[in-house]
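Architecture and fold: a report
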Amino acid sequence: MANSNKSPEQFPQLSRRELIRLGGIGLISTSFLAACGTQSGLTSEKAIASIGIVPSIPTTDKAEITDTVLLRTAASFEYNVIDMYTTALSDGMFTGDFSGVTPIARRFKENHQTHAAELNSLVVALGGIAHNCANTRVDSLYVKPAFDLITAEGNPDLARDTVTLAHSLETLSAQMYQGFVRSLSEPKLRGDAIHIGQSSARRAVILAQVLNPGLSGVVPSTETTTAKANVVAVPTAFGSLSILHAAFGLPNADGVKTTIAMETPSLNAMIYDFVTC
């Protein structure tokens, strides 16, 4: 029986020209098989051949941040705040020492309804579609979890926590408009945005004084037992755009409540032109 094992030296050496010739034969063979497949009624596929049906690649709507998108996003956030005040008022959550917040909350709710209408008027004037509902991402990440903590059975600070939530959203509102000013393209729109943002900032100051009244609640200070920053009317010299931390619900064994980190709407929370209520 002949030995089929050959040393490398026994294999024929191929020149560069022969390698090119063999490569050309392979290319011609592939083209020939493709042509035969077409004549046989087979259709070409953009995807790599595989067993079974190859699903098409899904496409997403084009997401572009425009003045209309920014204004629609601001309008959606206004509805988040409107819904928060509606729930707190209808459920009678401002009680005890905070019962005096009820008429303030009604007034603030009306303010936000006015802002939402103003924003949607600007949207329509730019050729966009008005957005008359809350931002679902803001609701699912911040508002609903906060309400779940606030309304948990046995929470001794239900009213205070409700005011804390209102203060948090008013603060976020002011931050949002401050951030949007640099992104809006038209000077008039920037003026409209900062005007509404100033209103939110004033409402945040009022609620901060409700939570921490007097001169001690004006400038930054910390809580003696937890060393956390107190809610104050003027937390920084300039408007902050950083993440806001707010505590709600039943305190744990160490007396610490659950903290929710909140931030203004970003790319994944924008109300793009294709987003509807």
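See the structure printed just above.
What this report covers is the structure whose coordinates are included nearby.

Definitions and cut-offs
Residues numbered from 1 in each chain as written. Predicted model: local features only at pLDDT ≥ 70, side-chain atom pairs only at ≥ 80, totals over all residues. Heavy atoms only, no water. Helix = DSSP H or I, 4+ residues; strand = E, 2+ residues; numbered from the N terminus. Buried < 20%, exposed > 50% of the residue type's maximum accessible area, 1.4 Å probe, protein only. Contact = heavy atoms within 4.5 Å. Areas by Shrake-Rupley, 256 points an atom, 1.4 Å probe, with all protein chains shown as cover. Core = buried A, V, L, I, M, F, W, Y, C linked by side-chain atoms within 4.5 Å. Disulfide = S-S within 2.5 Å. Phe/Tyr/Trp six-rings, centres within 6.5 Å; stacked < 30°, edge-to-face > 60°. Polar contact = N/O pair within 3.5 Å; in protein donor to acceptor, adjacent residues only side chain to side chain. Salt bridge = Lys/Arg side-chain N within 4 Å of Asp/Glu carboxyl O. Expected span 1.5 Å × (residues − 1).

Remarks on the overall build of the chain
Within the chain one finds 6 helices and 2 strands. Ordering the α and β elements of the chain from the N terminus gives α-α-α-α-α-α-β-β. Expressed as a percentage of its 277 residues, the buried residues of the chain come to 34%. Across the chain, contacts joining residues at least 24 apart in sequence account for 71% of those joining residues at least 6 apart. About 17100 Å² of surface is accessible on the chain, with carbon and sulfur atoms providing 59% of the total.

Some points on the nonpolar core
Among the nonpolar cores identified, the biggest contains 47 residues, and M84, Y85, L165, L169, F248 and M262 are the most heavily contacted of them. Beyond its immediate stretch of four places on either side in the chain, L165 contacts M84, A146, F147, I150, F248 and M262.

Some details on the state of the cysteines
Summed over the entire model, instances satisfying the criterion amount to 1 disulfide. Note that C133 is cross-linked by a disulfide to C277, the S-S spacing being 2.1 Å. Judged by the sign of its S-S torsion, about -100 degrees, the bond between C133 and C277 is left-handed. In this pair, C133 sits in the loop between α3 (101-125) and α4 (136-150) while C277 sits in the segment after β2 (258-262), placing the two residues 144 residues apart along the sequence.

A word on the packing of aromatic side chains
Overall, the coordinates contain 2 aromatic pairs when judged by the stated rule. Judged by centre distance (5.7 Å) and plane angle (10 degrees), the rings of Y272 and F274 are stacked. Look at F274 and you get partly exposed, because its relative accessible area is 38%.

A closer look at the side chain of N155
When you line up the elements, N155 lands in the loop between α4 and α5 (158-181). The class of N155 is buried, set by a relative accessible area of 10%. Separated by 2.9 Å, the side chain of N155 and the backbone oxygen of I150 make a polar contact. Residue contacts for N155: discarding those within four places in its chain leaves L149, I150, D161, G249, L250 and K257.

With respect to the pattern of salt bridges
If you walk through the whole model with that rule in mind, you get 5 salt bridges. For R203, the salt bridge identified is with E170, shortest N-O distance 3.0 Å. Remark: E170 occurs in helix α5 and R203 occurs in helix α6 (residues 187-211); sequence separation between them is 33 residues. In the salt-bridge network here, residues are joined through shared partners; they are D157, D161 and K257.

Brief notes about α6
The terminal C-alpha atoms of α6, which comprises 25 residues, lie 36 Å apart, in line with the 36 Å expected from a rise of 1.5 Å per residue. Those residues of α6 that fall on the buried side of the exposure criterion are L189, A193, I196, G197, S199, S200, R203, A204, L207, A208 and L211. The elements touched by buried residues of α6 are α2 (67-90), α3 and α5.

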